[in-house]
Amino acid sequence: MLTLLLALVLDLALGDPPNRWHPVAWVGRALDAGRRRLSGARPRVLLVGGAALVIALAGGAAAVALTLERVVSPWPLVALLVDAALLKGALSVRGLFAAVSGVRRALEAGRLEGARAALGRDLVSRPVESLDAGHVASGAIESLAENLTDSLVAPVLFFVLGGVPAAWAYRVANTADAMLGYREGELEHLGKAAARLDDALNWVPTRLAAAGLVAGAALAGGSGTRAWRLLLRDGGNTASPNAGRTMAAMAGALGVRLVKPGLYTLGDGSLPDPPAIGRALRVAAVSAVLAMAAATLGLAGLERFL
């Protein structure tokens, strides 16, 4: 419990370190190197090579975390600090909220180009050059809802189940999906294993995060009833088996329509405006608190049982 709480405090206080010091950036560079090495190979080689790359990096990250834990285990205080620092690297709560807030501030100031740039740089991979203010706000809220799973709920759940090594194995698989899991060109084959593994690992965390957003909506001035109804109605409207769940719940909580042009529409009503982004941040913050409370209670129960 102390490890988890200290890791969250570190994340909220410090945010993400520069890329040259961030383990996720190191994973990203390793994935990019593997992609370049496999470029030009036949589809079957890309498929097998992509799977081997993800498994090797995920296993390697878990092994490094486990080794560090064992090295410092004779010193309890040092072990606590090392574990918390390692777990903090697998979280990105402050970074996520800061990125979404940056889009909101740009829209409030009437700087659409700046909002587009912030959205494309920090939150989404879709083209942003032609998005109007409503679609920019929608993209920010979609990313907030979806990444609540990736940045908090899933790594915390895997930490509860398997400690820091499990949290880092998840973070590597999730990063591999973000970088390679696209249906275009060689990535159709190279990223298939990463995409399927991420879908499997996120199946339970996403649904827990969606339930947290429903509860968060009820506690943060949104509509928990509408969030639940939209979760059930629109949660399966995306190509991903997971992403639509949290986004649909958030759309219902806010009473807005979230749209990725040409791919999906979630919820009813108009596109969101900057105040809707503010409401989404409040709902997500309450949901994050609920997730941490549930994880803390779960760890307390496990520690008492063990």
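Right above here is the structure, for reference.
Residues numbered from 1 in each chain as written. Predicted model: local features only at pLDDT ≥ 70, side-chain atom pairs only at ≥ 80, totals over all residues. Heavy atoms only, no water.

A.B. asks: Got a minute to help me understand the nonpolar core in this structure?
C.D. replies: Considering soluble globular proteins, one finds that nonpolar side chains tend to be buried as a cluster. Within the largest apolar cluster, 78 residues are counted, with the highest numbers of intra-cluster contacts made by Val-103, Leu-119, Leu-123, Leu-144 and Met-250. Here this core takes 17 residues from helix α7 (residues 133-180), the largest share from any one element. Ignoring sequence-local partners within four residues, the contact set of Leu-119 consists of Val-103, Val-124, Val-128, Leu-131, Val-136, Gly-139 and Ala-140. (Core = buried A, V, L, I, M, F, W, Y, C linked by side-chain atoms within 4.5 Å. Buried < 20%, exposed > 50% of the residue type's maximum accessible area, 1.4 Å probe, protein only. Helix = DSSP H or I, 4+ residues; strand = E, 2+ residues; numbered from the N terminus. Contact = heavy atoms within 4.5 Å.)

A.B. asks: Where do I start with the environment of Ser-138 in this structure?
C.D. replies: Inspection of the secondary structure assignment puts Ser-138 in helix α7. Measuring from C-alpha to C-alpha, the distance between Ser-138 and Asp-83 comes to 36 Å, with 55 residues separating the pair along the chain. In contact with Ser-138, not counting residues within four places along its chain, are Arg-257, Leu-258, Val-259, Leu-271 and Pro-272.

A.B. asks: Please clarify how the side chain of Ser-138 should be interpreted in this entry.
C.D. replies: Look at Ser-138 and you get buried, because its relative accessible area is 0%. Engagement of the side chain of Ser-138 in a polar contact is seen with the side chain of Glu-142, the distance being 2.5 Å. (Polar contact = N/O pair within 3.5 Å; in protein donor to acceptor, adjacent residues only side chain to side chain.)

A.B. asks: Is there a simple way to explain the pairing of strand β2 (residues 264-267) in this structure?
C.D. replies: Side-chain positions along a regular strand alternate between the two faces of the sheet. Bridging between strand β1 (residues 257-260) and β2 involves four bridges; their strand directions are antiparallel. Each residue of the ladder has a partner; that of Val-259, found in β2, is Thr-265. Counting the residues between successive antiparallel strands, the hairpin from β1 to β2 contains three residues, one of them, Gly-262, with a positive phi of roughly 85°. (Pairing = 2+ DSSP bridges.)

A.B. asks: Sorry if this is basic, but what is going on with helix α3 (residues 43-72) here?
C.D. replies: Given 3.6 residues per helical turn, the α-helix brings residues three or four places apart onto the same face. Along its 30 residues, α3 runs 44 Å from first to last C-alpha, staying within 8% of the 44 Å computed at 1.5 Å per residue. Turning to α3, its buried residues are Leu-46, Gly-49, Gly-50, Leu-53, Val-54, Ala-58, Ala-61, Ala-62, Ala-65, Glu-69 and Val-72. Tucked into the core, α3 has its buried residues touching α2 (23-38), α4 (76-90), α7, α8 (187-190) and α9 (192-219). (Expected span 1.5 Å × (residues − 1).)

A.B. asks: What is the right way to look at the pattern of salt bridges in this model?
C.D. replies: Two side chains with opposite charge may pair up if their charged atoms get near one another. Scanning the entire structure with this criterion turns up ten salt bridges. The partner of Asp-32 in a salt bridge is Arg-36, and the shortest N-O contact between them spans 2.5 Å. Of the two residues, Asp-32 and Arg-36 both sit in helix α2, four residues apart, roughly one turn of that helix. Overall, Arg-36 belongs to the exposed group, its relative accessible area being 56%. Here the salt bridges do not stand alone but share partners, grouping Asp-11, Asp-16 and Lys-88 into one network. (Salt bridge = Lys/Arg side-chain N within 4 Å of Asp/Glu carboxyl O.)

A.B. asks: When you look at the packing of α9 against helix α10 (residues 224-234) in this model, what are you seeing that I'm missing?
C.D. replies: Packed helix pairs are specified by the crossing angle of their axes together with the interaxial distance, meaning the distance between the axes. Close contact between α9 and α10 brings their axes to 7 Å; oriented N to C, the two are set at 155°. Accordingly, the angle class assigned to the pair α9 and α10 is roughly antiparallel. Of the residues in α10, those touching α9 at Ala-210, Val-214, Ala-217 and Ala-218 are Gly-224, Ala-227, Trp-228 and Leu-231. Split by residue class, the contact of α9 with α10 holds seven nonpolar, one polar and no charged. (Axes fitted to C-alpha atoms, helices over the stretch in contact; angles between N-to-C directions. Parallel < 35°, antiparallel > 145°, perpendicular 65-115°, else oblique. Nonpolar A, V, L, I, M, F, W, Y, C, P; charged D, E, K, R; others polar.)

A.B. asks: Quick question: what am I supposed to make of the packing of aromatic side chains here?
C.D. replies: For any pair of aromatic rings, geometry is given as the distance between the ring centres together with the angle between the planes. Here the structure, examined in full by the defined rule, presents one aromatic pair. Ring plane angle 15° and centroid distance 5.3 Å describe the contact between Phe-158 and Tyr-170, whose orientation is recorded as stacked. No difference in accessibility class separates Phe-158 from Tyr-170, as the two residues are buried. One cation-aromatic arrangement involves Arg-207 over Trp-203; the distance from NZ or CZ to the ring centre is 3.9 Å. (Phe/Tyr/Trp six-rings, centres within 6.5 Å; stacked < 30°, edge-to-face > 60°. Lys NZ or Arg CZ within 6 Å of the ring centre and 35° of its normal.)

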